[in-house]
Each structure stands twice: as C-alpha cells, then as structure tokens.
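# A look at the structure
These are the residues of each chain, in order.
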Amino acid sequence: QVQLVESGGGLVQPGGSLRLSCAASGFTFSNSAMNWYRQIPGSERVKLATISPTGATDVADDVKGRFTISRDNAKNTVDLQMNGLRPEDTAVYYCNTFLSILTTRRPYWGQGTQVTVSS
C-alpha cells in the first residue's frame, strides 16, 4: 500500500531552520512527482513546492528563496529545507503525490508534521 511518512517538524525560533523529510513506499517513487503542502487550521491546504521525477523543481512565491525541495530516488525520500522561518510559517506540513488508479489520478497524503515558529 502507498505510504508517505513525514518527519522533522517541531518548534523553532524565528529566523531558524528546519528540514522536513518524507519517506515513501508502496509505489514507484522514481516515476512520481512529489509535493509539499501546508495547512493552517481553519484554512485551505496550500501547495508549497513540487519536484519532478528527474529533479526539476517549482516553489511557491511566498517561500521562494527560503524553502528548497529535493529528492533522493535511491532512498525514496523527498525533503523540504526551510530557512529563515517566520511565525506565519507555523502550520501542519504534508507530503503528497498523485497516483493513477486505472484512468483516474488521486492524491495521496502523509499524516502531516507540525511546524511551529515562535519565540
């Protein structure tokens, strides 16, 4: 079965850094684009970054220059390096991919990891 497991969240001071990791299993990771999203309670889940199977990346403007997405196809992991963290970055962060079931693509999500930026 498809499984995505995030780790690395926690409490960090403003200006600090954190590295999130997502371990993937149950599908052909190397063929799949991977994404990071975040969600503040009471609001919509927002896409932060995506990385193609070959490593091409796209990062949302709000976090461009501070967040970097990367993947290791040999380890089936995708990471999100977060630098210069701000209180408004506080959210639950999710790893995501889309996979096809017959002709229909559907999203798969990790359990989420809490990131809190506070003094």
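Data block above holds the structure.
These notes cover the structure that comes with them. Not measured: the values here are computed from a predicted model.

## Details of the pattern of salt bridges
Following the criterion strictly, the structure yields 3 salt bridges and no others. Among the ionic pairs, D89 bridges to R38, the shortest N-O distance being 2.9 Å. In this pair, D89 sits in the loop between β8 (77-82) and β9 (91-101) while R38 sits in strand β4 (residues 34-39), placing the two residues 51 residues apart along the sequence. The exposure classification of D89 matches that of R38, with both residues buried. R66 is the salt-bridge partner of D89, the closest N and O atoms lying 2.8 Å from each other.

## Some thoughts on unusual backbone geometry
Phi at N76 is positive, roughly 55°, even though this residue is not glycine. Its location among the elements puts N76 in the loop between β7 (67-72) and β8. Although it is not a glycine, L102 adopts a positive phi angle of roughly 55°. Tracing the chain through its elements places L102 in the loop between β9 and β10 (104-109). A relative accessible area of 85% places L102 in the exposed class.

## Examining the sheet that holds β8
If you walk across this open sheet you meet the 4 strands as β1-β3-β8-β7, and the pairing is antiparallel. Here the strands that pair on one side only, and so sit at the sheet edges, are β1 (3-7) and β7. Pairwise comparison of adjacent strand axes, ignoring direction, gives a mean angle of 15° for this sheet. Taken together, the 6 bridges between strand β3 (residues 18-25) and β8 define a ladder with antiparallel strand orientation. Its bridge partner being in β8, L18 is matched across the sheet by M82.

## Quick notes on the side chain of R38
Among the residues examined, R38 registers a relative accessible area of 14% and is labelled buried. Side-chain polar atoms of R38 contact the side chain of D89, separated by 2.9 Å. Look past the residues within four positions of R38 in its chain and what remains in contact with it is E44, R45, V46, L48, V63, F67, E88, D89, A91, V92 and Y93.

## Let's talk about the packing of aromatic side chains
All told, the structure shown has 3 aromatic pairs when counted by the stated rule. Summarising the aromatic geometry, the rings of F27 and F29 are spaced 6.4 Å apart at their centres and angled 50° between planes, so their arrangement reads as tilted. By relative accessible area, F27 is classed as buried at 15%. Looking at F29, the relative accessible area reads 1%, which means it is buried. Each residue in the set Y37, Y94 and W109 is aromatic and connected to the rest through ring pairs, giving one cluster.

What counts and what doesn't
Residues numbered from 1 in each chain as written. Predicted model: local features only at pLDDT ≥ 70, side-chain atom pairs only at ≥ 80, totals over all residues. Heavy atoms only, no water. Salt bridge = Lys/Arg side-chain N within 4 Å of Asp/Glu carboxyl O. Helix = DSSP H or I, 4+ residues; strand = E, 2+ residues; numbered from the N terminus. Buried < 20%, exposed > 50% of the residue type's maximum accessible area, 1.4 Å probe, protein only. Pairing = 2+ DSSP bridges. Axes fitted to C-alpha atoms, helices over the stretch in contact; angles between N-to-C directions. Polar contact = N/O pair within 3.5 Å; in protein donor to acceptor, adjacent residues only side chain to side chain. Contact = heavy atoms within 4.5 Å. Phe/Tyr/Trp six-rings, centres within 6.5 Å; stacked < 30°, edge-to-face > 60°.

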